[in-house]
Structures are given as C-alpha cells and as structure tokens.
Amino acid sequence: MKRFLVIALCLFALAAGTYLVIYHTPWYLSFLRSEDLFVPYRSQGDTLQAWTGEGYETVTLRGVEISSVIPGHSFSDYAAEEADYLRWLDRIADLGANTVQTTVLMDDDFYNALYAYNTSHADPLWLIQGVTVASEVNLTALTAYESGMLDGLKREGKLVIDAVHGRQDVVSGGIDGSGVYRKDVSGWVIGYVISAELESDNVAYTDHSALYDGSFQGQYFQTSPEATPFEALLAQVLDTMADYETGKYQTQRPMGFLSGRLVDFLEYEPIYARQMQKYACIDPEHILPTDLDQAGLLICYQLSQVQEDFTRYLSSEQRQELGPCLDDLDRDPILHGYLTVLARYHTMPLVAVYSASSARGVSGPDSRPLTETQQGEALAAMCLDLEENGWSGGVISSWQDVWTRRSWNTAFATLTSNSNLWHDLQTDTQNTGLMAFDPGAEPVCVLDGDPAEWTEDDLVLDSGDLRLYARYDARGVYLLLEGAGPADRVVVPIDLAAEAGSRSSRDPDLTFARNADFLLCLEGPDNSRLLVQERYDATRENFLYEIEGLDPFVEVPEAESSRFVPVRMALRNDLLVDALVPTLTALQRLGTWETGRLVCGCGDPEDPDYNSLADVCYAEDLVEIRLPWLLLNVGDPGNMQAHRDYYTHYGVEYAPFRQLWLGAARVEATGEIPLYGFRVKGWESVEYRERLKQSYYVIQALWKDGEADALDG
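Model, not experiment: these values are computed from the prediction. (Residues numbered from 1 in each chain as written. Predicted model: local features only at pLDDT ≥ 70, side-chain atom pairs only at ≥ 80, totals over all residues. Heavy atoms only, no water.)

S.K.: I tried to follow unusual backbone geometry on my own but got confused; where do I start?
M.R.: The phi torsion of most residues other than glycine is negative, and most of the peptide bonds are trans. A cis geometry characterises the amide bond from Ser397 onward to Ser398, with omega recorded as 25 degrees. Pro508 follows Asp507 through a cis peptide bond whose omega is 5 degrees. As for its placement among the helices and strands, Pro508 is situated in the loop between strand S21 (502-505) and strand S22 (510-516). With phi around 50 degrees, Tyr78 is a residue other than glycine that occupies positive phi space. Within the secondary structure layout, Tyr78 lies in the loop between strand S4 (61-65) and helix H2 (82-95). According to the relative accessible area criterion, Tyr78 is buried, its value standing at 10%. (Helix = DSSP H or I, 4+ residues; strand = E, 2+ residues; numbered from the N terminus. Buried < 20%, exposed > 50% of the residue type's maximum accessible area, 1.4 Å probe, protein only.)

In structure tokens, the structure reads:
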C-alpha cells in the first residue's frame, strides 16, 4: 500500500511538473522540434502577403482595435465575456473588416470567441496581436535597458506567443488578461506588434546614454550601423520572439512595433523640433531581418495631426536623405502628405492605426465636433487615402467607446478613479468607437421634442406659463421646458456648488433667489448656450496663462461677480515660429472653443434626421435639453461631486452635492427668479445598451458594399 502511495505521488508530481512546465514556463525541448518551418504570413517588399495553400497573395488589412472595456469597469478588469466578444466579432465581420487588433494579451474569453467565430465562418478574421508592458517602465529616470522594458517585453513576447498557440495559463495578468489558454488561434495571427507606448522622453534618454550603442546581431534580427540604442533594444525583443516561436512552434510571422509622430524617423530643425516636442527618432529601416527570418517586419503607425507644411521644417540632412520622397508631394487635406512620405521611404509593409471622434468636445485648432455620420466619413476618407498611398491597410481605433480614456484638455477637470461610471461627451478620446454604450437599460430621455416620456414625478417647477422637468443619467442632465418655443427667450439658472455662483447676472440683467453657477440661455435653435459665472470658469483657472499669458491667481474674479461668460475649452495651437522670442511665442498661445454653445437637432438614433451632437430639440411650445456633466463642472457624477471654488483651493478639488437647483424665467421678467431643488444621487454600477453608431454604417458601405461615395454622406 505504501509503495502504491509513493508511486501515485511520484506520478502526480511528474504530471503536475509536466503541466507546469508546459503551461506556466517558456521552457521547451528544442531537439523535439520539426525541421519544417511554416510561414503563414510574410512581408514581401512593402506588401503584406498570406499563404493560400498554393502560394502567397497580397492582402490589405481593414480592421478595428478591440478591447475588453465596458461601462462600469476599468481596462484591467477584462469584464467582457465570451458572448460579448462573439457578438462583437460578428458585427465587426459584418462591417466588412478582415482584421481585429489588440494592444495587450486579452483574457482567454476573447481567444475562445475568436476561435469559435473563425472555425464556424468561411471568412475568418485575422488578428494583429499586441505585446506590451506596464507604462511605469516609461516613466522612470532610467534607460529602457535599466527600467525593465527590455526584459519585460521579452517575457511578454513569449507569454503572448504561448497564449495564441493555446499553451499558456495566466493566473493574474496585471495589465494582461488571464485564464486558461487552450484554443490555438495562431493560424489567424497575421503579426505581432510591440504596442507598448514608446515615450519620446524614454527613447531620447536611452539614445543619449553613454552605456549603450546601437549594435545588435541576433539570429533573426540585426541592426544597421546607423541604429540607435533604442532601435537595438527593439531588435533584441523581436529577435527573442522570432527565436522562441521558430524554435518552439516551427512557425514565423511578421512582427514589428507601434510608432507615432513624436518618435517617427523624421528629424526637424532644432528650433522647430523644440516647439513640436519632437526630440526622439526611431527608424524601422535600421532593424534588419537576417536570412533565417522569412516573415519580415510589419510596422504600425499611430496617426495623429501633423503641421500643414511639415516638410518645410525638416532638417537639411533629413531633406537630403529623403530626396525623391518629397517630390511632387500631394498636400492632401488629411495629413498633408505625411502618409505619402512614410510610404515612399519605407521598404516594408505599413499599417496605420487611426481614429475620429464623435464627442462634443474637441482638442485641435482646426477641429470641430463631428456627428457620428461625419465621424464615419472622416474614417472612410483616411482609409481610402492610406490604400491609395500604398499602405497595407489600417486599423480603426476603436471598436467601442471607452469611458475611461482621458484627454489633455479635460483630464484636469475629472476624477480619474471613478471615470468608468460615466460617459464624458466632452472628452474626444472617449468617443472614437464605432459602437456606443448608451446609459441605462432604457433611455432616460430621447431628445426628440416629444414630451410623452416625461411624467409629473419629473416636474421641478411650475410658474404658470413655464413648467420645467428634469432627469439625469451617466451622461448628463436632461430638461424639458414647456411653455417656450423657438421664438421665446428663456433663461434657466442652475446651482449645484455651495462655494460658487452669484445671485445676480449683469447680461442678461437678472436676479435670483439663491446663487446661480450657470445660466442656460435658450434663445432659439441657433443661439442657445450655457454661461458660467466667471469665478467658476474651469478653463480660466487651468489655462488662462496658456491662453492669454496671465496668471489666473493674480486678478481673481470676485466671489459674487455678476458676470457670466461662455463655457469654453482649450484648443491646441500648432503654429510654429521661426524664433523663440516673446513677440512670436505669444502667437502660440492656446485657442479656445465655445463648447457651451448648444446644437439644435433631433437626438433620436432611430430618426432619419438624427444628429448625435444635438443638445436642444424644439417643438411648437416646448424644448428638450441635454447638458453633459462636465459642462456643469461635475467631474465625478458617480458620487455626485462637483468642483469647489478654484481660488480658495488653488485648483480642482471636489465636494459632494445632493440637489440641482433650477429656475426658469423669460429674459424680460422682473424680480427674483426662484430656484427649486431637484434631488440627485450617485451610483455604484451602471447599466448600458450597445448601439452601432452611424459611423459604423458609413464604414460598412465602403468596406462591405464597396461604396466609395460613402464619403458624400
């Protein structure tokens, strides 16, 4: 009996050890591998090719970036389930896409869903698999060699390769997903891309270190004599991954990394580079596959706006090196010839990652809010421009709206820790998806001018000729005002912050029964706007120096100031000057956009006249209004927290509120306008509905139906 137990324990230990070695370590027996090498995809010159069973054919990628993020959860929760992914993949395929891209190792539910979809459909979806590490390795005072980036990417690369081959267990993934990876989806993995954000600071610091050089000679990748230390690091990672997949699985596929405007290969004259914050360069041409690598390089570019005359600012050495790449350059209105220059210069397949937003808010000097239809048209135009310039395709970022994303001109006004509980229509990066998550199991308000959904329970005030109703959800506050039509001029004072506001307004000339923080001025379809009491103007406090060159804390608006000003947001200024002197640098101050000006239209997605930017919708004797939370300085709606007084607390601090105080009066009215309390409370979880945006159908018309005239709307 004892011998039996000993043998059983030994067999169990052997089985457990074998399991751990196979599914929890990158170790393998190289002498057991086959000598037959399979290359299902490869780069051939500047084209991407797929093996058909009889030969290679050139492919063009039309894809979307997918993640696991859903409302109420953070990026690392991986809350989406296999059923969600299956539903999304089916819609992505019906879009006409042939590719999905992930920036991280997803949870096992995603790969199970991809396997299930691809094995049950005649036209499977390809996968561009991202390889990344925690962003902290970019935010240290160490080089990329010392911070853990090099070793981290090597480990991550092996982990990802095992996972897509169905031979990995991940207990706690950190930034990665987790699970038991048993579905071999490698046959559809068209390439691996190092998707870790390559911070220009980290790249420049590494390249300027005297401890490292750019020389690297691996089995599968090597560097050219011109390579930098950071390029050598990337070559090491790619070589490690190629060696691992070749040795363990006898297969190779293209691999590369994600670049962007701030780290691309272009070099500018120092005076302009400083203004563009362009002080790092990565040239993929300095990373060379050896004869043992048969799959080659695949480079992705994260596209963003470039200066209209960017070639004028290039260094003389760069212009000489580019030579014919700059001849007869078509200054297209999208990226001003940038796509053409990259395509002419590179000798490998290029894939773009590009986006457009349907947010109310904007961040660029030439940007204006886009409807969902206009968002789709912008994406379609980019797709056609890429393909006409010889790129191997592109990936739209992203499939779904991501509520947790941040933007430089709104991040200061929101509380990051609870951003997953609400959808900010002011932040452009949150609204780049082709699929929206609309709050609630049912809509709180459909902005269509029909009062049927409103009840007496929603009534806030009844002054005889004006009746005001209110509701709210995870996007904002909704109002119905009865007794006011398109020709009427009505003001709705709003109070929510105990430390802010005024009891009077200079223009329009009004007084209130309590402090008002905002004035909603309804003056017809073309002239309705939200005003904020000047001391409670978040843009003034945070950006006054960048906008006007003045310190916001030197001349502080009076606490009881009766001046109400337009609600604005800061805009980037891309102007470059030839000398950094005060008279010229003053021209580089930030611009502003009056984001408080309200758009009139129908906000019903089922209506043929749907306008996703609609804030007000008029009927004969009523108007419905949508006010996004951030317009009201509510940076944490989940806990109903709004900004406190900026000049007492020296920046954005938060205080809870439990009531919105609302009033309503005609502009010509006299006497104090009473405000009535409307109780609000936060939430710990959020319900939502999935909805395909109009941009989805614009892209579908191009990709699936081949209608290039989709750009005409």
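S.K.: I would appreciate a short explanation of the pattern of salt bridges in the present structure.
M.R.: Inspection of the entire model under this criterion finds 33 salt bridges. Residue Arg91 is joined to Glu690 by a salt bridge in which the shortest nitrogen-to-oxygen separation is 3.1 Å. Residue Arg91 is located in helix H2, and its partner Glu690 is located in strand S37 (residues 688-692); the two are separated by 599 residues in the primary sequence. Under the relative-accessibility criterion, Glu690 is labelled partly exposed at 22%. Ionic pairing is found between Glu245 and Arg253, a salt bridge with its closest N-O pair at 3.1 Å. Under the relative-accessibility criterion, Arg253 is labelled buried at 2%. (Salt bridge = Lys/Arg side-chain N within 4 Å of Asp/Glu carboxyl O.)

S.K.: Would you explain the environment of Ala559 in this entry?
M.R.: The residue Ala559 is located in the loop between helix H11 (538-548) and strand S25 (564-566) in this model. As a C-alpha pair, Ala559 and Met241 span 318 residues in sequence and 61 Å in three-dimensional space. Residue contacts for Ala559: discarding those within four places in its chain leaves Gly501, Gln533 and Arg535. (Contact = heavy atoms within 4.5 Å.)

S.K.: Would you explain the pairing of strand S29 (residues 622-628) in this entry?
M.R.: On any regular strand, side chains alternate: one points to one face of the sheet, the next to the other face. Burial analysis of S29 places seven of its seven residues in the buried class, which makes it a mostly covered element. Alternating residues of S29 divide into Leu622, Glu624, Arg626 and Pro628 and Val623, Ile625 and Leu627, and every residue in both groups is buried. As defined by bridge partners, strand S28 (residues 616-618) adjoins S29 across three bridges and the pair is classed as antiparallel. Counterpart to Cys617 in the pairing with S29 is Glu624. Taking the residues between adjacent antiparallel strands as the criterion, S28 and S29 are bridged by three residues. (Pairing = 2+ DSSP bridges.)

Shape descriptors only; they carry no functional weight alone.
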